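Here are the chains, one letter per residue:
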Amino acid sequence: MMKAVQCHSFAALNKTTGKTLQKFKPLRSVLRMDNVLKPKLVPNHVIIETCYVGIQYPDALQAQGLYQVRPPLPYIPGLDVTGIVIESGTDRFQKGDRVFATTTNYGGTGALAEQCLVPEQTVWKVPSHVHLSRCANLGRNFFASYHSLKTIGQVDDKSLVLVDGASGGVGMATIELAKAMGAKIIAGVSVEGKVPFPQSVGADRVFCYGRDKESHKIFKDNVKKACVELGHTKGADVIVDVVQGQLFEDALVSLIRPLGTICLVGFTAGQVPIRPGLLLVKEAKVAGSLWGRYARENPDQHRKNVDEIIGYLADGSIKPRVDTMISFENFADAFELFELNKGRGNTVICIKEEGPCQSKL
C-alpha cells in the first residue's frame, strides 16, 4: 500500500443533483490522505517514486467540479510529477533516471501519491544540474504557455506578446518562454503589489489593470504607448489571456494588432460573452488554448515541443522556480491557496525530498 491524496466529492456541486452550490464546501472537506494500492507496471510505462508534485489553479477547480475534465470519484489529483524511475517497461528509461512527467492521459490526475504509473510518451529526463522541484509545474505552466506562444501564436524574435495574470504560474512562464524565443513582452497584473514578480523574470513593461472600467482604460492607454515604444505601432502580435472577464472587451481587443491572435488560456475573472462584431472590426483571431488535446493527438510533435522547453531549461534561458513549498502532510494548504485566490507562481508539494545529486535549488 502507499499514501495518496484522494478527492471524494466535488466541493462546488450538490452530491445528488450535480448542480452548482450557492456556497461551495471548503476543499479541505473533500480531500483526504488515504492508503491505496501501489501501481503495477505495464508495458510502455514507468513507475515513478514521487518526489514533488505541482499544484495550480486548475487542480483546485477540478476538485470543485468546475474544471473541463471531471474525473470519476474518488480520484487522485495532480498533473505534474517529478521523481525517480523505480520500474520501467520501456527501453527509453532505466531504473534510477531522474524524470518529470505529466498525467495527461489520465485527465491530469494521479500525481499526488507516493508512486505514479505514467506512459513513456509523457515522461522526460531532467537535466542533471536542475533540481527536480523546479520541474514540478512544467505541464500546467510551461506546456500551456508554449502551446499559446508557439503552436497557436507562432511567436518568434520579431514578435510582441502581451500577457495578463502575469504574476501567476502561466503568466510568468509565458514571460520566460517569450524572452527565450527572442520576443518582447508586456505584462499585466491585477494590483500594484504584483508588479515585481513579472519584472523579476524579464518582462519589458509591466502595468496594472485593476478590477474596474477606469483601471482597464488606464491599462489600455499605457499598453498602447508601450507598444509604440517597443516598435509595434499596431499592437501586440499575440495576447495570452488568463483572466478574460470584462478586461477582454475593455482592453485586450483594442490592444491586439489586425490579424493578431488572442489565446484564451483561462478566466480567473469569470466568463463574459464575447461580441463577434468587435473581433470583426479589429480583424482579430481568438483561439482557445488547451495543450492536452494537442499533445494526445500529436504526440511526436508534442515531444519535440517539450524537448525545446528542456533545451531552454538546460541552458538557463528559463529558470522555473519554487515559489511555495508545502509538505505532503499539509497538502490541503496548496489547494487552499488557489481556492482563496492567493496562489502565485509555482506551488509544489514535497512528498520525498530529492537525495544528493549534481543539482542545486
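Anything mentioned here points back to the structure above.
Residues numbered from 1 in each chain as written. Predicted model: local features only at pLDDT ≥ 70, side-chain atom pairs only at ≥ 80, totals over all residues. Heavy atoms only, no water.

Q: I keep staring at the environment of serine 200 and nothing clicks. Help me out?
A: Tracing the backbone shows serine 200 in helix H4 (residues 196-200). What makes serine 200 exposed here is its relative accessible area of 56%. Linking serine 200 and isoleucine 175, residues 25 residues apart in sequence, is a C-alpha distance of 10.0 Å. A distance of 2.6 Å separates a polar side-chain atom of serine 200 from the backbone oxygen of phenylalanine 197. (Helix = DSSP H or I, 4+ residues; strand = E, 2+ residues; numbered from the N terminus. Buried < 20%, exposed > 50% of the residue type's maximum accessible area, 1.4 Å probe, protein only. Polar contact = N/O pair within 3.5 Å; in protein donor to acceptor, adjacent residues only side chain to side chain.)

Q: Help me understand the packing of helix H2 (residues 138-152) against helix H3 (residues 169-180) in this model?
A: How two helices sit against one another is set out by the angle between their axes and by the gap between those axes. Taken N-terminus to C-terminus, the directions of H2 and H3 make an angle of 55°; their axes are 8 Å apart at the nearest point. Classified by the angle between their axes, H2 and H3 sit oblique to one another. Helix-helix and strand crossings are classified by hand; for H2 and H3 the assignment is right-handed. Mapping the contact onto sequence places Arg140, Asn141, Phe142, Ala144, Ser145, Tyr146 and Leu149 in H2 and Gly169, Val170, Ala173, Thr174, Glu176, Leu177 and Ala178 in H3. Taken together, the residues of the contact of H2 with H3 break down into eight nonpolar, four polar and two charged. (Axes fitted to C-alpha atoms, helices over the stretch in contact; angles between N-to-C directions. Parallel < 35°, antiparallel > 145°, perpendicular 65-115°, else oblique. Left-handed = near helix turned anticlockwise from the far one by under 90°. Contact = heavy atoms within 4.5 Å. Nonpolar A, V, L, I, M, F, W, Y, C, P; charged D, E, K, R; others polar.)

Q: Please explain the layout of surface pockets as it appears in this structure.
A: Rolled over the atoms, a probe as big as a water molecule pinpoints where empty space is left. By volume, the second largest pocket is sized at about 170 Å³. What lines the second largest pocket is Met2, Val36, Leu37, Pro39, Ile76, Tyr106, Thr109, Gly110, Ala113, Gln115, Cys116 and Leu117. Top contributing element to the lining of the second largest pocket by residue count: strand E6 (residues 115-119), with three residues. The residue inventory of the lining of the second largest pocket, partitioned by class, reads nine nonpolar, three polar and no charged. (1 Å grid on protein atoms, 1.4 Å probe; cavity = no way out; pocket = protein on both sides within 12 Å on 5 of 7 lines; lining within 4 Å. Points joined across faces, edges and corners; volume = space filled by probe spheres on them.)

Q: Looking at this structure, I do not really get helix H1 (residues 57-64). What am I missing?
A: Since one α-helical turn is 3.6 residues long, residues separated by three or four positions face the same way. Where burial is concerned, most of H1 is hidden: seven out of the eight residues are buried. Those residues of H1 lying buried are Pro58, Asp59, Ala60, Leu61, Gln62, Ala63 and Gln64. At the C-terminal side of H1, glycine 65 shows a positive phi close to 85°.

Q: Can you walk me through the sheet that holds strand E12 (residues 256-264) in this structure?
A: Sheets are built from strands paired through backbone hydrogen bonds, the pairs being either parallel or antiparallel. Strand order across the open sheet formed by six strands is E10-E9-E8-E11-E12-E13, with parallel pairing between neighbours. Taken across any chain shown, the strands that pair with only one partner, and hence form the sheet edges, are strand E10 (205-208) and strand E13 (285-288). If you compare each strand with its neighbour and ignore which way they point, the axes differ by 20° on average. The pairing of strand E9 (residues 184-189) with E10 spans four bridges and is classified as parallel. Bridged to glycine 188 within E10 is phenylalanine 207. (Pairing = 2+ DSSP bridges.)

Q: Can you walk me through empty space enclosed by the protein in this structure?
A: Counted according to the given criterion, the structure contains one cavity of 30 Å³ or more. Of the voids in this model, the largest cavity is the one considered here, and its volume is about 60 Å³. As for the largest cavity, its lining consists of Phe143, Tyr146, His147, Thr151, Trp291, Tyr294, His302, Asn305, Val306 and Ile309. At the level of elements, H2, helix H8 (291-297) and helix H9 (299-315) are the ones that each hand at least two residues to the lining of the largest cavity.

Q: In this structure, what is going on with the pairing of strand E15 (residues 347-350)? I would like to understand it.
A: A regular strand carries its side chains on alternate faces of the sheet. Alternating residues of E15 divide into Thr347 and Ile349 and Val348 and Cys350, and every residue in both groups is buried. Sheet topology places strand E3 (residues 45-55) next to E15; four bridges connect them, and they run antiparallel. Directly across from glycine 54, in E15, lies its bridge partner valine 348. Here four bridges tie strand E14 (residues 324-327) to E15, and the two strands are oriented parallel to one another. Residue pairing across strands places methionine 325 opposite valine 348, the latter belonging to E15. A crossover connection joins E14 to the parallel E15 through helix H10 (residues 331-339); in handedness this β-α-β unit is right-handed. (Right-handed = clockwise from strand over helix to strand, strands pointing away.)

Q: Is there a simple way to explain unusual backbone geometry in this structure?
A: Only a minority of non-glycine residues have a phi that is not negative, and only a minority of peptide bonds are not trans. Of note, the amide linkage connecting leucine 73 to proline 74 takes the cis form, showing an omega dihedral of -10°. Along the chain, proline 74 falls in the loop between H1 and strand E4 (80-88). Positive phi values are uncommon outside glycine, yet glutamine 154 reaches one of about 55°. Mapped onto the secondary structure, glutamine 154 falls in the loop between H2 and strand E8 (160-163). Overall, glutamine 154 belongs to the exposed group, its relative accessible area being 56%.

Q: Is there a simple way to think about the side chain of aspartate 241 in this case?
A: As for its position among the elements, aspartate 241 is in strand E11 (residues 236-241). Summary of buried charges: aspartate 241 has no salt-bridge partner, and the nearest side chain of opposite charge, arginine 211, is 13 Å away. With sequence-adjacent residues up to four places away left out, aspartate 241 is seen in contact with Asp164, Phe248, Leu252, Ile262, Cys263, Leu264, Val265 and Gly266. (Lys, Arg positive; Asp, Glu negative; His and termini not counted. Salt bridge = Lys/Arg side-chain N within 4 Å of Asp/Glu carboxyl O.)

By themselves, these are just geometric observations and shouldn't be taken as functional.
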